[in-house]
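Chain by chain, the residues run as shown.
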Amino acid sequence: MDTAATSRDMLAVNGAEKSFGAVRALAGVDFVVRAGECVGLVGHNGAGKSTLVTLMTGGTKPDRGRILLDGQDATGSYGFAAAREHGLRCVFQELSLCPNLTVTENTRIAHRSISGLGWRRRAEQVIRQKLDEIFPGHGIDVGTTIASLSIAKRQMVEIATAFSESEAKVRLVILDEPTSSLDATLAGQLLAYVRKFVGAGGSVVVISHILGEILSAADRVVVMKDGKVVAERPASEFTVASLVAAMGSVVRERDAVRPARDQSGQTPVLAQTATGPEPAIGFVAYPGEIVGLAGLGGHGQTRTLIGLYRDQGGDWIARRDSKVAFVAGDRHVDGNLPLWSILKNLTLTLLPDLTRFGLVQHRAEAAVAQQWRARIEVRTQDLDNPILSLSGGNQQKVLFARALATRVPVVLMDDPMRGVDIGTKQEVYAILRSEADKGRTFVWYSTEMDEICQCDRVYVFREGRIVAELRGADIAESHILAASFAEQAA
Amino acid sequence: MRTLAAKPWFWSFVAAFGVWLATILFTGGASTIGVSQAALTFAAFSIIVGLGQMFVITLGPGNVDLSIPSTMTLAGTVALKVMETNDGLVLLGLILAVLVGLCIGVVNYGLIKLLRIPPIIATLSSSFIIQSTAIWYNRGIRIKPPATLIQFATGTTLGIPNVALVALLISVVIWVLLEKGIYGRRVSAIGQNMRAARLAGVPVDGTRFATYVLCAVLASLAGLLLSCFSGGAALNMGTEYLLSSIAVVVIGGTAVAGGSANVPGIWGGSLFLFLVVSMLNTYGASAGVRLLLTGIIIIGVILAASRRPLA
């Protein structure tokens, strides 16, 4: 690629590298957005899309590499303010409006230059004009609070706010899954507006799991994988199929394909009936299998796991012979009890089994903890050390032991290997397999393809529901990618 | 010594001992027994209510029981009125006091859970209802306790006030619950991270419910004891325990943010709180100065104690 900056390069990222701990999110990425073009950015979980976007919006700095604005090196001084001043706007997947404020008031927050007497009237004008322009006939009253708007209308306001101008001119808008809550008509209106904006010399970056949308809106498509740009071509040279192929790896050998099991005679240990429009696929899990939950991050996998967990009750009276245990992925939010020792963190779920007449049997508790410390090799001098004295990977092992030490037949795992080093991962994989062979069931949400490919059966999620069920030899990256990305908006 | 100083309750005892020494040295040692007995007696009431408040505060940010004073008043009033100075009805009075506590605990958690009201507001508003009930039930008459109960509450055994012995007995039970029981483990887990506790199988609602009930029952027992000790149930008798139930928990080194509690600190905090007031009385400080200094000293102890590293 020609890295010599030209004046048409509105924003360029050169050789960007970024690591978070052991995870290498960006491994030398070159990315350019020129004036008057729309760039589509696609890739599966962990490909580095989000990191690249955060880099461009000034939310994080690269470990190595440069950021150029209009051909000028701006790496040193780059940040939120510089990006915004330069005309860069971003619409995030997680909506960023204040729910208790009105549409107008939210516009005022986005535009510092609207101030002084009469700000309300001017802000109203700015946002109403933009809404009319992008979504004609939108029917949004700008005087209502965000909380009282439907999710689709919130997203429309979010998009209109990003494109709206008061003082600084908007030159580049990054749209991260902009149509996730919009119906086909609204999505069409947005894409038409994007083309118009680009035609007038603006720039847009679109990230979407709907590949048809990318292909029709973008001039150029950039495909990322494993922190690198693996393909970059004009949109006209891609088809949906070739795009899916580009996101996948270059045919990697799998160690062994697990044969599909015959489960016709078995009774499921856990089941959830399907809801929503056809094709509705229900969730079932049989004894001794590892069920993978795949798809792009945030498409309903965690919610399904927590639903499966809470369905079992236990908020008032501790469950006797509980059916499920939960292994958290977001350790700090869902897992760790930060004031406690490793030992107390490890035995929490097992506690009812270690209790007699309401009193915890300390000797039995210590014995169980020692046994699991040896089995999963928690690296510590003393189990009485605080949990936070452990490295992230070892904390995660403790959370695994918390669930595995119990007698529960089903273990739910919410992408537990996030930010865990490869050595620890291999150790845990081996334990999972041996536990499954003994008859335990694992329901495993993972954003990593390698992990999904170790499962016996896989459900692929998209937009909050199961859209595909894969088993045996069908569990392959290409199939998972194809199901994770929709061809057209529903 | 280092490990002792690292205990969260250490500073409350240092402070209590210091104030005790300053008081008896001022009187040349003549008041040693008197001051000590008075301290144990008066501290006993704040220890009993403080133990309940300790569990509630340990449930995590936002959890506090503000209905303790009115619960004490209502339990004392109901029990004394039913007993009608009749020695034969002592057991009935005791059972009634516990029942009053049970009901208040149920109502408090009902408000918190069903109506989704923050605990501070829920217990504050229920305290108005409880206080009004006590006023309506009592009609302003000061009811006398049965003679045996007066004797017990004001008496001593082997030189130690009986109320302090009751507080000790309750403290031992609470200590076992907290340090050895699954219940204490669960309260601490909820206080550190409620979401993580729930996902680890802790029955969050059941545990929180039990905690608010326990706190109300302890307040009821303290109310009964206090009304017997002071010769009758008065409508304002619980007032000072609103602040002191919280203060002794904090001074005693229980984490205000929840998740970590200890029983000895409640004793240190309660003794300290009473001794400060009695020391300033001995020095002849006026009421205004007394309150001012009490406030400053409490802040000082909390500052000293909060330097400790996280346990």
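If you're wondering where the values come from, they're calculated on a predicted model, not measured in any experiment.

Brief notes about the confidence of the model for chain A
- With 94% of its residues at a pLDDT of 70 or more, chain A has an overall mean of 86.
- The model gives residues 1-5 of chain A a pLDDT under 50, and that stretch makes 7 contacts with residues more than four places away or in other chains.

Some points on helix α16 (residues 477-484) of chain A
Residue and element names in this part refer to chain A.
- Buried residues of α16: E477, I480, L481, A483 and S484, and no others. The arc that holds the buried residues of α16, viewed along the axis, is 165 degrees, so those residues lie on one side.
- Summarising the contacts, the buried residues of α16 are in contact with β9 (220-225), α8 (240-247), β13 (290-295), α15 (449-452), β19 (457-462) and β20 (465-471).

Structural notes on empty space enclosed by the protein
- For the structure on display, the rule yields 3 cavities of 30 Å³ or more.
- Reported here for the largest cavity is a volume of approximately 50 Å³.
- Lining the largest cavity we find F326, V327, A328, D334, G335, L399 and R402 of chain A together with L199 and A200 of chain B.
- Of all the elements in the fold, those that place two or more residues in the lining of the largest cavity are β14 (324-327), α10 (331-335) and α13 (392-404) of chain A.
- Class assignment for the residues of the lining of the largest cavity results in 6 nonpolar, 1 polar and 2 charged.

Side note on the packing of helix α5 (residues 90-114) of chain B against helix α6 (residues 119-138) of chain B
All names here are of chain B.
- Direction vectors running N to C along α5 and α6 enclose 135 degrees, while the axes themselves pass 9 Å from each other. Here α5 lies oblique to α6, going by the angle between them. Of the two elements, α5 crosses α6, and the hand of that crossing is right-handed. Between α5 and α6, the residues in contact are I104, N108, L111 and I112 and P119, A122, T123, S126 and I130, respectively.
- Its residues assigned to classes, the contact of α5 with α6 shows 6 nonpolar, 3 polar and no charged.

Quick look at the packing of aromatic side chains
- Per the stated rule, a full pass over the model turns up 19 aromatic pairs over all chains.
- What links up through ring pairs into an aromatic cluster is the set W316 of chain A together with Y109, F209 and Y212 of chain B.
- Its guanidinium or amino end placed over the ring of F238 of chain A, R233 of chain A lies 4.5 Å from that ring's centre, counting from NZ or CZ.
- When the ring centre of Y137 of chain B is taken as reference, the NZ or CZ atom of K81 of chain B above it lies at 4.6 Å.

Observations concerning the interface of chain A and chain B
- If you look at the interface, chain A gives 31 residues, while chain B gives 30 residues.
- With both chains or domains summed, chain A and chain B bury close to 2600 Å², and 59% of this area falls on carbon and sulfur atoms.
- Area buried by chain A at its contact with chain B is led by D315, W316 and L339 of chain A, which between them contribute 25% of it.
- Between chain A and chain B we count 3 salt bridges in total.
- Between R185 of chain B and E365 of chain A there is a salt bridge, with the nearest N and O atoms lying 2.8 Å from each other.
- Tallying contributions element by element places α10 of chain A first for the side of chain A that touches chain B, with 4 residues.
- Across the side of chain A that touches chain B, the residue classes tally to 16 nonpolar, 9 polar and 6 charged.

Digging into the sheet that holds strand β5 (residues 72-73) of chain A
All names here are of chain A.
- As summarised here, the arrangement of the 4 strands in space is β2-β1-β4-β5, forming an open sheet in which the pairing is antiparallel. Among the strands making up the open sheet, the edge pair consists of β2 (23-34) and β5.
- Where strand β1 (residues 9-20) and strand β4 (residues 64-69) come together, 5 bridges link them in antiparallel fashion. The partner of L11 across the bridge, within β4, is L69.

Notes on the sheet that holds strand β8 (residues 203-207) of chain A
Residue and element names in this part refer to chain A.
- Pairing within the open sheet is mixed, and its 6 strands lie in the order β6-β7-β8-β3-β9-β10. Each of the sheet's edge strands pairs with one partner strand only, and the pair in question is β6 (88-91) and β10 (228-234). Each strand axis lies, on average, 15 degrees off the axis of its neighbour in the sheet, ignoring direction.
- Relative to β9, strand β3 (residues 38-42) runs parallel, the two sharing 4 bridges. Bridge pairing links V42 to V223 in β9.
- Against the sheet, helix α6 (residues 184-199) makes contact with β3, β7 (172-176) and β8, and its axis sits at roughly 145 degrees relative to β8, the strand it touches most.

Cut-offs applied
- Residues numbered from 1 in each chain as written.
- Chains lettered and ligands numbered in written order.
- Predicted model: local features only at pLDDT ≥ 70, side-chain atom pairs only at ≥ 80, totals over all residues.
- Heavy atoms only, no water.
- pLDDT = per-residue confidence, 0-100.
- Contact = heavy atoms within 4.5 Å.
- Buried < 20%, exposed > 50% of the residue type's maximum accessible area, 1.4 Å probe, protein only.
- Helix = DSSP H or I, 4+ residues; strand = E, 2+ residues; numbered from the N terminus.
- Arc of directions from axis to C-beta.
- 1 Å grid on protein atoms, 1.4 Å probe; cavity = no way out; pocket = protein on both sides within 12 Å on 5 of 7 lines; lining within 4 Å.
- Points joined across faces, edges and corners; volume = space filled by probe spheres on them.
- Nonpolar A, V, L, I, M, F, W, Y, C, P; charged D, E, K, R; others polar.
- Axes fitted to C-alpha atoms, helices over the stretch in contact; angles between N-to-C directions.
- Parallel < 35°, antiparallel > 145°, perpendicular 65-115°, else oblique.
- Left-handed = near helix turned anticlockwise from the far one by under 90°.
- Phe/Tyr/Trp six-rings, centres within 6.5 Å; stacked < 30°, edge-to-face > 60°.
- Lys NZ or Arg CZ within 6 Å of the ring centre and 35° of its normal.
- Buried area = accessible area lost by both parts, 1.4 Å probe.
- Salt bridge = Lys/Arg side-chain N within 4 Å of Asp/Glu carboxyl O.
- Pairing = 2+ DSSP bridges.

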